Amino acid sequence: MAANFLAENNVCGQALLRLVARGNSIIAELMRLSAYIPQVFRLETKIEQQKYGDVVLDFTYFRAPEGFNKKIEDSQVLSDLDDEIRESHSSIVGRIYSAFESIHRYVTELICYIQDLNEGMYIQRTVENVFTDEDGKQLMCEALYLYGVMLLVVDTVFPGLVRERIIVAHHRHAGQKASNDTSVDDVCKLLRSTGYSTLHGSRRPQNYPEEYFKRVNLPNNYVNLVIGYLRSDDVYHQVQAYPSPDHRSAALANQAAMLYVCLYFSPAVLFSQTAKMREIVDKYFPDNWVISYYMGMTVNLIDVWEPYKAAKQALNNTLEPANIRDQSTKVGAKIVKLVKQTDQLLSEGSMSENRVLEHSSRILNLLRECNVTLRWTVLHAASLTKAGGEGNKRCRIIRDQVVNDIQYSPMTVFHLLLNTAILEYDLNQTYKRLVEEKSIMWDKYKREANELVLELSEVFAGSRPLARVTKNDRLNKWFKDIAEQIMGLALDEPGTSGRKLIQLIQAVKEVKEFHELESSAGVVQAVEEVVVCLQTLVKVAGVTEDNLIKLSLITDFSYAWMLVDEYTSIMQSSIKKDPSHVSKMRATFLKLSSGLDLPLLRINQARSPDLISVSAYYSGELVLYIRKVLQIIPETMFGLLAKIIKLQTEKLKPIPTRLDKDKMRDYAQLQERYQMAEFSHGVAVLAEGVAMMETTLVGVVQVDPRRLLEDGVRRELVALVARILHEGLTFNAKAKESELYKRLTLVGHKMTGFCTSFEYIQDYISMYGLKIWQEEMSRIINYNIEQECNQLLRKKVSDHESVYQSTAIPIPKFPPADTQSVNFIGRLVREILRITDPKTTVYVPQLGVWYDARTHSEMLSDAVMAKVESSISTAGLTGVDKLLAFLIVTELQNLVQEIKVTSAKDATVKEVIHIMTQHLGSNSHIIGQPQRHYTGWVQRVGKLSGSVVDRIMKVGQMQILRLHAAKRLNSSCKFDAKYLATALSAMNQSLMSDVKRHYTDPTRAYPDEDGELTCELSVFLEWCGMTQPLDRIYITTCPLLCLSLVLLLTVIAQIPKVHYSKSLGCLTGIRGTEGIDGELMIVGITTILRQFHQDHTIRFVQLMSQYVSSYAAHTALSSAKTIDLPHESLTGLAILKEVAKKMAISEKTLSLYLPLHLLSAISS
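Residues numbered from 1 in each chain as written. Predicted model: local features only at pLDDT ≥ 70, side-chain atom pairs only at ≥ 80, totals over all residues. Heavy atoms only, no water.

If you check an unreviewed UniProt entry, the chain appears there as WASH complex subunit strumpellin from Halocaridina rubra. Under Sequence similarities (unreviewed entry), UniProt gives the following word-for-word description of the chain: "Belongs to the strumpellin family." (UniProt positions renumbered as here; feature names shortened; annotations may be inferred.)

A. Focus on the overall build of the chain. Summing up its helical and strand segments, the chain has 51 helices and 9 strands in all. Taking 32 Å as the expected radius of gyration for a compact globule of 1164 residues, we find that the chain reaches 41 Å, considerably beyond that expectation. Considering only C-alpha atoms, the chain reaches an extent of 155 × 90 × 70 Å along its principal axes. The burial tally for the chain puts 51% of its 1164 residues in the buried class. Sequence separation of at least 24 residues holds for 77% of the intrachain contacts in the chain that already meet a minimum separation of 6. When the accessible area of the chain is evaluated, it comes to approximately 54,800 Å², of which 52% is carbon and sulfur surface. Within the chain, one finds 131 positive and 132 negative side-chain charges whose respective centroids are separated by 5 Å. (Helix = DSSP H or I, 4+ residues; strand = E, 2+ residues; numbered from the N terminus. Rg over C-alpha atoms; globule rule 2.2 N^0.38 Å. Buried < 20%, exposed > 50% of the residue type's maximum accessible area, 1.4 Å probe, protein only. Contact = heavy atoms within 4.5 Å. Areas by Shrake-Rupley, 256 points an atom, 1.4 Å probe, with all protein chains shown as cover. Lys, Arg positive; Asp, Glu negative; His and termini not counted. Charge placed at Lys NZ, Arg CZ, Asp CG, Glu CD.)

B. Representation of the nonpolar core within the structure. If you look at the biggest cluster of nonpolar residues, it comprises 365 residues, and the most contacted ones within it are Trp305 and Tyr618. The leading source of residues in this core is helix α5 (residues 76–118), at 17 residues. If sequence neighbours within four positions are ignored, Tyr618 has contacts with Ile27, Ala28, Met31, Tyr294, Met295, Trp561, Leu596 and Pro599. Listed in part, the 8 residues of the second largest apolar core include Ala981, Leu984, Leu991 and Leu1017. (Core = buried A, V, L, I, M, F, W, Y, C linked by side-chain atoms within 4.5 Å.)

C. The arrangement of a nonpolar patch on the surface in detail. The grouping of Ile655, Leu659 and Met664 at the surface amounts to a nonpolar patch, some 290 Å² of accessible area in total. Here Leu659 shows up in the loop between α33 (632–651) and α34 (664–668). Given the relative accessible area of 33%, Leu659 is considered partly exposed. (Patch = residues over 30% accessible without salt bridge, like charges linked within 9 Å, V, L, I, M, F, W, Y side chains within 5 Å. Salt bridge = Lys/Arg side-chain N within 4 Å of Asp/Glu carboxyl O.)

D. Up close: helix α31 (residues 597–605). Buried residues of α31: Pro599, Leu600, Arg602 and Ile603, and no others. Down the axis of α31, the buried side of the element spans an arc of 160 degrees, and every buried residue falls inside it. Buried residues belonging to α31 abut α2 (11–33), α7 (134–157), β1 (290–294) and α32 (610–630). A positive phi of about 55 degrees marks Arg607, the residue just after α31. (Arc of directions from axis to C-beta.)

E. Up close: the pairing of strand β8 (residues 1058–1061). Where β8 lies against strand β9 (residues 1066–1069), 4 bridges are found, and the strand directions are antiparallel. Bridge pairing links Val1058 to Gly1069 in β9. Linking two consecutive strands that pair antiparallel, namely β8 and β9, is a turn of 4 residues; a positive phi of about 70 degrees is found at Gly1065 within it. (Pairing = 2+ DSSP bridges.)

F. Seen up close, the side chain of Gln255. Considering the arrangement of structural elements, one finds Gln255 in helix α14 (residues 253–262). The residues touching Gln255, leaving out its near neighbours within four places in the chain, are Tyr229, Leu230, Asp233, Asp234, Val235, Tyr236 and Tyr284.

G. Focus on the environment of Ala99. Along the chain, Ala99 falls in helix α5. For Ala99, a relative accessible area of 4% puts it in the buried group. Setting aside chain neighbours within four positions, we find Ala99 in contact with Ile26, Glu29, Leu30 and Leu33.

H. Representation of the side chain of Arg368. Assignment of secondary structure puts Arg368 in helix α20 (residues 353–380). Despite its burial, Arg368 pairs with no opposite charge; the closest candidate is Glu369, at 7.6 Å N-O. Dropping the residues within four chain positions of it, Arg368 is found in contact with Ala241, Tyr242, Pro243, His247, Lys550 and Ile554.

I. Spatial organisation of the sheet that holds strand β6 (residues 849–852). Strands sit in the order β5-β6-β7 across an open sheet of 3 strands; the sheet is antiparallel. The two strands at the open ends of the sheet, each matched to only one other strand, are β5 (841–844) and β7 (858–861). Mean inter-strand twist for the sheet, computed between neighbouring axes without regard to direction, equals 25 degrees. Across 4 bridges, the pairing between β5 and β6 is antiparallel. (Axes fitted to C-alpha atoms, helices over the stretch in contact; angles between N-to-C directions.)

J. Seen up close, the packing of aromatic side chains. One pass over the full model with this rule turns up 32 aromatic pairs. The interplanar angle of 10 degrees and the centroid separation of 6.1 Å between the aromatic rings of Tyr208 and Tyr212 together place this pair among those described as stacked. There is no split in this pair, since Tyr208 and Tyr212 are both buried. On the numbers, 5.2 Å between centres and 75 degrees between planes, the contact of Phe557 with Tyr559 is edge-to-face. By the burial criterion, Phe557 is buried, and Tyr559 matches it. Aromatic ring contacts, followed pair by pair, group Tyr147, Tyr196, Tyr208, Tyr212, Phe213, Tyr260, Tyr264, Phe265, Phe271, Tyr293 and Tyr308 into a single cluster. (Phe/Tyr/Trp six-rings, centres within 6.5 Å; stacked < 30°, edge-to-face > 60°.)

K. Region of interest: the environment of His749. Examined against the element boundaries, His749 turns out to sit in helix α37 (residues 740–761). For His749, a relative accessible area of 53% corresponds to the exposed category. Each C-alpha atom, one on His749 and one on Met865, is 16 Å from the other, the two residues being 116 residues apart in sequence.

L. A look at unusual backbone geometry. For the bond from Tyr208 to Pro209, the omega torsion is 5 degrees, close enough to zero to count as cis. Mapped onto the secondary structure, Pro209 falls in the loop between α10 (184–191) and α11 (210–213). The phi torsion at Leu43 lies on the positive side, around 50 degrees, for a residue other than glycine. Summarising the element assignment, Leu43 is placed in the loop between α2 and α3 (46–52). Positive phi, normally seen in glycine, also occurs at His237, with a value near 55 degrees. Residue placement: His237 occurs in the loop between α12 (220–232) and α13 (248–251). Assessed through its relative accessible area of 34%, His237 is described here as partly exposed.

M. Main features of a negative patch on the surface. Side chains of Glu448, Glu451, Glu455, Glu528 and Glu529 sit close together on the surface and give a patch of like negative charge. If you list the elements that add at least two residues to the negative patch, you get α24 (438–461) and α27 (521–541). Top element by residues in the negative patch is α24. It accounts for 3 residues. With respect to the helices, strands and loops of the structure, Glu448 is situated in helix α24. Using a relative accessible area of 32% as the deciding quantity, one classes Glu448 as partly exposed.

N. Representation of the packing of α5 against helix α8 (residues 160–174). Interhelical geometry of α5 versus α8 gives an angle of 110 degrees and a closest axis separation of 8 Å. Looking at the two axes, α5 sits roughly perpendicular to α8. α5 and α8 meet at a crossing whose hand is left-handed. Two secondary-structure elements touch here, α5 through Asp82, Ile85, Arg86, Val93, Gly94, Ile96, Tyr97 and Phe100 and α8 through Arg163, Ile166, Ile167, Ala169, His170, Arg172 and His173. Looking at the contact of α5 with α8 residue by residue, the classes come out as 8 nonpolar, 3 polar and 4 charged. (Parallel < 35°, antiparallel > 145°, perpendicular 65-115°, else oblique. Left-handed = near helix turned anticlockwise from the far one by under 90°. Nonpolar A, V, L, I, M, F, W, Y, C, P; charged D, E, K, R; others polar.)

O. Up close: the pattern of salt bridges. Counting across every chain of the model gives 50 salt bridges. As a salt-bridge pair, Arg95 and Glu29 come within 2.8 Å of each other at their nearest N and O atoms. Remark: Glu29 occurs in helix α2 and Arg95 occurs in helix α5; sequence separation between them is 66 residues. Two residues, Glu84 and Lys796, come together in a salt bridge whose shortest N-O distance is 3.9 Å. With Glu84 in helix α5 and Lys796 in the loop between α38 (769–790) and α39 (824–835), this residue pair connects regions lying 712 residues apart in the sequence. The pair Glu84 / Lys796 is uniform in exposure class, with both members buried. Linked by salt bridges that have partners in common, Arg627, Arg707, Glu710, Asp711, Arg714, Lys771, Glu775, Glu776 and Arg779 make up one network.

Following this line, the structure appears as structure tokens:
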């Protein structure tokens, strides 16, 4: 009947199995998603609370949703924040909500299943008779238990208020779909905050968790049956694997955990049913009070049963000081004894097949004792922070008593764990070989026994002479009969063959006595060899897969899934002391992986598609722990590397190409080179230690030791380089002189020394050092740019979405060093922008240098880009360029938005634009009295033009910096990778030619339909500086009719402050203190016009031409003498010609709007 319940054609059994499988999957999903909770929903800091408190709402939102929504909609700031949260986190919030909803759906389906059983929907099945089936009973108990675990897990990893905020955010942002498709009310009722908190010092809410478990009513009959069977039966038949009465609590540990969870569904038992609680404690907790209830999540019963009278009273018997002392002393003695026994067993050599066949029972008993002792010690000696009960005084007292009584030594416990794991692994492998080769071994020993018996037959036949043995026909025939019986033994009939073997062994032993054969040593030895072979056959026949099952039951280590972290430091210290210990650790990691069997069993049985996802999650968690343990090797390596760096950069002299004989001793530096060799040897030994660990399958993840070492080296490299960059590129804005060059030099010195030494040790660790360096350097830069740009974007890129961040090789995040920047790349760019601020400096394009506007001293030159590249590599300079591009995008968006909003809402600006549109029509060439008209318009929109010019100059400033960065990248590429530069240039020209050809003749195919080639090529071009920042389209725009007029007013407002300098060939301030940089303004205007249709540019050229012509004509008319062009015309003409030059507008086009004599007033 047990087999029938899980049969594929059994609808009742399959429905329950699928439900239980999904329960395990939901728990894994909850634990997985807990690592991806967006920080904004936690509101942990005051800054977060002030910023997001009005948009990240808990269930108070449902009391007056219209009011909260209106408050958000009425505020532009709150609306932007709300949009930011929706766009950045909607996908992960939706997934978390789906997991929450899955809990409610699970319990709903469980209730429906129980109702269907009661209503006879499953033929011949009722709730009661499902419990009479072994598999049915297990699954019914697991279904309730898993629901309880879900509730406990979700309340632990998703704090109550965080849950509420996520549910509200999903409800608000998913809109109508959320209200139609999901049972939000039911999910809210089930998962509203309980008040429980895992924070240190927080108090447990009253009636928790029983009130929480009551939020969905489950059938009382079903709950009572589950508790009754768990209380009285050995549901999983675990006692068979633990025959000793002393091991009863360990045998029933998993069932005890299930009962602990299920009792919360019937709190009356905990509160008042003393007899039942006494029975439960006497059976499950006579000698233990710390339990693991699911995948290493532990609780201390002293603490969690404190509010329940009956439970607390029943547990007090276990907690008698004498009982605790007796148990602890016994365990302490066992630890010492078992360490000696396991050491001795390991020292005897490998676990051969013969050895296992001979001593299988003894080894199994020893391992059983080891595991029971380890379970008790690991759970009860664990720190209360992890085991539970940290805030309970009684827990602290009892834990201290246990630690003292067992004379707890983490190193000794780990020693026992390591020995046990190695023995288990060896025994498991031997058992597998025995099961696989059972028939081969059977035939081998049967043939060997047959040959020995036939030899004895020949001895008594007289054909094989043997000292002191006379011919005996009866014995000859007897041994021949025995040989025939041996050959007749069949492995597929183990019962019959086993009985025959016992009879044969007895007969062969007796033949010595009855026929007085002891006088012949040769015969005695041969008979003993026959007996040994026959006894081996008996043992071979007894080898079954039951041995492997029994071994897997007693070696369960899932209870330590989290507590094992307490032994990490000990593991690392032993590896650091002797790197060869890594190979021994492998067995410990495999023992840990046994914990994966628990959640995957039902998922596998149900053939659920979740199997891969769940196994990948738990395997990934275990691999992360393995990486954490083995990270001590790269850490130690880099400690030695730091010493090598110091030697190479401070003590070892570079050897010249030509060296005088008498100076050889000075350059030999034997002591220093000996130290270098010593450190290098240490690095090589560490690398060799990892290589000793074989490739291991941990769950579904293949762990390659070489890959682990490389990832560990990368992780340590990333951590150190990130710290150098973070600490080195921090600037004091209040310093009198900029620290930029000083900081870059210092960082460059450290990075060069680090890179050189890293390349030096690459041969000792068999890795491509330069490749690793360049890849990780690029990843660090790109990740920091991504994080820096996050504050400029509405849709943030989370760490789990980032292509640059990794769980195996994480890039560290440091707290911001100033209020503007997130990390070092932002600080570096903003320091460069601060130094070249157009308010205080003047840029001379012919020299590529920024000068102080007051003192005329040099502030920054284009050499700064070379300095950045030498300090933080080409990747760093590319990163600076990329961040500047992002800042330009932001500035342009703000500028366009400001013009759009002001021109639409400001009445004065609207009026001025309307008047100008009428006066400056396309047919009007000359404006009479330009001084009155233009000056009047400028004065009325002074606030807008002032703001716009500041933004224009910021854009121009960043564009010029981008030009210098591109120039430096391009020259480096041509020097360091000329073939790449040539190939990229040819590829770019070819692609552009094909594109132009397509638009000339649309019948030709477009060269890059999907855009992949263009996208990939553009990345290469940016890294090689083959870009034209001034020609780039940064933003997508809609037509802005007033743009040309606003730009005209902005330029006219600055003309009195600047003039055209013939000596410098550019626009400069008249007095030098105006805070206006003509070149930056022109580059900024060019960039803005480039973002719009060409019509805007033509209109701007027309308006500027009209301005220049009007002032020139007015001056000519007002004076009869021949005089020079007025300042307004000269300066306006200079601006116009510079803009035309940068926009590639020809002289011929300009001549359509300006007379030739005016165009020639300033030579190009």
